[in-house]
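# Secondary and tertiary structure notes
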Amino acid sequence: MSGIKYYFFATCFLFTINAKALSDTLRIDLRHGDSLFIARNYYLLASSMNIEAQKASVLQARLFINPVITADFNAYDPQNEKAFHVGKTGQKAFQLDQLILLGGKRKSQIEMAKTNTAIAELEFQSLVRQLKFKLHTKLVEIGQQQVLLQKYNAQLSLLDTIMTAYEVQVSKGNIALKDLVRLKGVYLNLNNDRAELLRQYFDAQSDVQTLLQTEDFVMFDFSDRDIDSYIKVKFLEELQIEALTNHPHLLLFQQNKILEEQNLRYQRKLSIPDINFFTSYDQRGGAFLNQINTGLAIPLPMWNRNQGNIKSSQFRLREMGYLQLAAQQETRNEIQNNFALYTQTVAEYQKASHLYSNDFEITVKGMVENFQKRNVSLLEFVDFFESYNQVLAELARMKTQLVTSAELLNLSIGKDIY
């Protein structure tokens, strides 16, 4: 067997698109892929744990401060020369302290804990959308590469058959050796294109397997009808309005601004002194035997009224306001550019779909048959063959680009519009 034949059959053995030949194959469509992604992805599971942790912080903020009990025992009585003289004639004292927060500080802590929980949930949503964008685009990329690889395999098999016949004719002197060499050149060029496509295919497979947390070989079911479903008539202003109310990134800035407002209120409340109530028992150390006292302690806000932290919170609140405006403008610009890309991609795809039809496949079949009957010259066959492969690659690129541009808009908007 020649080197070219061996390489072709070896690579076809290592990679076959037929799912029945793969023992560990996961065949999915877009909906099935999403459900597996939500259930399995470790990044999402880790992010969900952060939400639960923030919910626990709300629980913690609701709890009251524990009282403090202090016990004081005599260690040595020099007058009576007794160690640990704590009996009826000895000395011991106890004190119970309870700090009471004033000014609504506990309520503010609960509000900030709830806002942090909302922020964690938005961060989770943002992560979901980013990873889903990557999953969808990689799945579509795999789907188009599967189709293209199938066609390349069929063409390589056809070329191999033709070259075998040409080798026989060359040995008999019926065909010039240069024609066989030209066919081998076409074969090698197509095989190189296939090898590069195969490398990209396995790179995309690795990304999808990581996102789905599987070691199975992923086969993606995705038809032209599914691609056409991404073509929808929308207006730019409509998409920008949707983004302002749905984009997790913008909602995060909104929640962060709320958190800064809550923190400013909390810092102002911290300037209000808290009261520490206490009650104590003293066996012999006070003015009376078995003395019971009660009282309170409150700091005097003479020098430190938390002025620095209040001022700092005011500036952070203004900073967050500016960042929110910047994020809104950035999102509007991003949607505008992504919408322009999407519109252009749809136009290109619709034009290409109109040009490419079943006539191409009929023409290919007729060209091969006429070439084998020698009604078509080698030069005409090779030119058509190479042009046809360029059309196939360009169509695959356009389909992938259409879905990618639509998914990019979904990501920019924060909602599945397409």
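Right above here is the structure, for reference.
Reading the values: rules and limits
- Sequence order as written defines residue numbering, which begins from 1 separately in each chain.
- Local features are withheld for residues below a pLDDT of 70 in this predicted model, meaning they are given only at 70 or higher, and side-chain atom pairs are given and counted only at 80 or more; totals for whole chains, interfaces and linings count all residues.
- In computing side-chain properties, one takes all heavy atoms of the structure into account and sets aside hydrogens as well as water.
- Runs of E in the DSSP output that reach at least two residues are strands. Runs of H or I that reach at least four are helices, and both are numbered from the N terminus.
- Throughout, the radius of gyration refers to the C-alpha atoms, and the reference size of a globule is 2.2 Å times the residue count to the power 0.38.
- Any residue under 20% of the maximum accessible area for its type is buried, any over 50% is exposed, and the rest in between are partly exposed; the area is computed with a 1.4 Å probe on protein chains only.
- Between two residues, a contact is recorded if the distance between any of their heavy atoms is within 4.5 Å.
- All accessible areas in this document rest on Shrake-Rupley with a 1.4 Å probe, and a residue is counted as covered only by the protein chains that are shown.
- We call two strands paired when DSSP finds no fewer than two bridges between them.
- Interaxial angle, 0 to 180 degrees, is taken between N-to-C directions of lines fitted to C-alpha atoms, where a helix line uses only the stretch in contact.
- Nonpolar cores were defined as sets of buried Ala, Val, Leu, Ile, Met, Phe, Trp, Tyr and Cys residues, with membership established by side-chain atoms within 4.5 Å.
- Each angle is binned into one of four classes, with values under 35 degrees roughly parallel, values over 145 roughly antiparallel, values of 65 to 115 roughly perpendicular, and all other values oblique.
- Note on convention: the crossing is left-handed when the near helix lies turned anticlockwise from the far helix by less than a right angle, right-handed when the turn is clockwise.
- Classification convention: Asp, Glu, Lys, Arg as charged; Ala, Val, Leu, Ile, Met, Phe, Trp, Tyr, Cys, Pro as nonpolar; all other residues, Gly among them, as polar.
- Method remark: on a 1 Å grid restricted to protein atoms, a set of points is classed as a cavity if a 1.4 Å probe fits but cannot get out and as a pocket if it is open with protein on both sides within 12 Å along at least five of seven lines; lining residues have an atom within 4 Å of a point.
- Grid points are joined across faces, edges and corners, and a volume is the space filled by probe spheres set on the points.
- The arc under discussion is defined with respect to the helix axis, by the directions toward the C-beta atoms.
- Only residues whose relative accessible area exceeds 30% and that form no salt bridge enter a patch; like-charged residues are grouped when within 9 Å of one another, and nonpolar side chains (Val, Leu, Ile, Met, Phe, Trp, Tyr) when within 5 Å.
- Any Lys or Arg side-chain nitrogen located within 4 Å of an Asp or Glu carboxyl oxygen qualifies as a salt bridge.

### Observations regarding the overall build of the protein
Secondary structure assignment for the protein yields eleven helices and eight strands. For 418 residues, the compact-globule formula gives about 22 Å, and the C-alpha radius of gyration of the protein, at 37 Å, lies well above that figure. Oriented by its inertia axes, the alpha-carbon framework of the protein measures out at about 130 × 55 × 30 Å. Taking all 418 residues of the protein together, 39% fall into the buried category. Counting only contacts in the protein whose residues sit at least 6 apart along the sequence, the fraction spanning at least 24 positions is 81%. Only carbon and sulfur atoms are counted for the fraction: they give 56% of the accessible area of the protein, which is about 24000 Å².

### Some remarks on the pairing of strand β1 (residues 25–28)
With burial as the criterion, only one face of β1 is covered, namely that bearing Leu 26 and Ile 28; the residues Thr 25 and Arg 27 on the opposite face remain uncovered. Note: β1 against strand β6 (residues 217–220), four bridges, orientation parallel. Of the residues in β6, the one forming a bridge with Arg 27 is Met 219.

### Regarding the sheet that holds strand β7 (residues 275–282)
The four strands are arranged β2-β5-β7-β8 in an open sheet whose pairing can be described as antiparallel. In the strand order of this sheet, the two ends are held by β2 (68–73) and β8 (291–297), each with one partner. Neighbouring strand axes in the sheet, compared pairwise and without regard to direction, differ in orientation by 15° on average. As judged from the six bridges shared by β2 and strand β5 (residues 92–100), these two strands associate in the antiparallel manner. Paired with Thr 70 across the two strands is Gln 95, which belongs to β5.

### Description of the side chain of Gln 262
Checked against the element boundaries, Gln 262 lands in helix α8 (residues 248–270). For Gln 262, a relative accessible area of 8% gives the class buried. In this view, Gln 262 contacts Glu 111, Met 112 and Thr 115; residues no more than four positions away in its chain are not counted.

### Topic: the nonpolar core
If you look at the biggest cluster of nonpolar residues, it comprises 67 residues, and the most contacted ones within it are Phe 381 and Tyr 418. Among the elements that make up this core, the one with the highest residue count is helix α4 (residues 105–172) (14 residues). Beyond its immediate sequence surroundings of up to four residues, Phe 381 is in contact with Leu 159, Ile 162, Leu 183, Met 367, Val 368, Phe 371 and Val 376. In terms of nonpolar packing, the next biggest core, distinct from the first, is built from seven residues, Met 112, Leu 252, Leu 259 and Tyr 266 among them.

### Some thoughts on the packing of helix α2 (residues 30–40) against α4
Angle between the axes and distance between the axes are the two parameters that describe a pair of packed helices. Orientation of α2 relative to α4, taken along the N-to-C sense of each, is 140°, at an axis distance of 11 Å. Accordingly, the angle class assigned to the pair α2 and α4 is oblique. For the pair α2 and α4, the sense of crossing is right-handed. Here Leu 30, Gly 33, Asp 34, Phe 37 and Ile 38 of α2 lie close against α4, whose contacting residues are Val 128, Leu 131, Lys 132, Leu 135, His 136 and Leu 139. The residue inventory of the contact of α2 with α4, partitioned by class, reads seven nonpolar, two polar and two charged.

### Observations concerning empty space enclosed by the protein
Picture a little ball the size of a water molecule; that probe, rolled over the atoms, points out where space is still empty. Tallied over the full model, the rule gives one cavity of 30 Å³ or more. Taken as a whole, the largest cavity spans an internal volume of roughly 70 Å³. Secondary-structure elements contributing two or more residues to the lining of the largest cavity are α4 and α11 (378–413). When grouped by side-chain class, the residues that make up the lining of the largest cavity number two nonpolar, two polar and four charged.

### Things to note about helix α7 (residues 236–246)
Along α7, the residues that are buried comprise Leu 236, Leu 239, Gln 240 and Ala 243. Buried residues in α7, looked at end-on, bunch into an arc of 100°, giving them a common side. Away from the buried face of α7 by more than 90 degrees, exposed residues Glu 237, Ile 241 and Thr 245 are located.

### Some thoughts on a nonpolar patch on the surface
On the surface, Ile 100, Phe 277, Leu 296 and Ile 298 cluster together into a nonpolar patch covering about 340 Å² of accessible area. For Ile 100, the location among the structural elements is in strand β5.

Nothing here speaks to function; it is all geometry.
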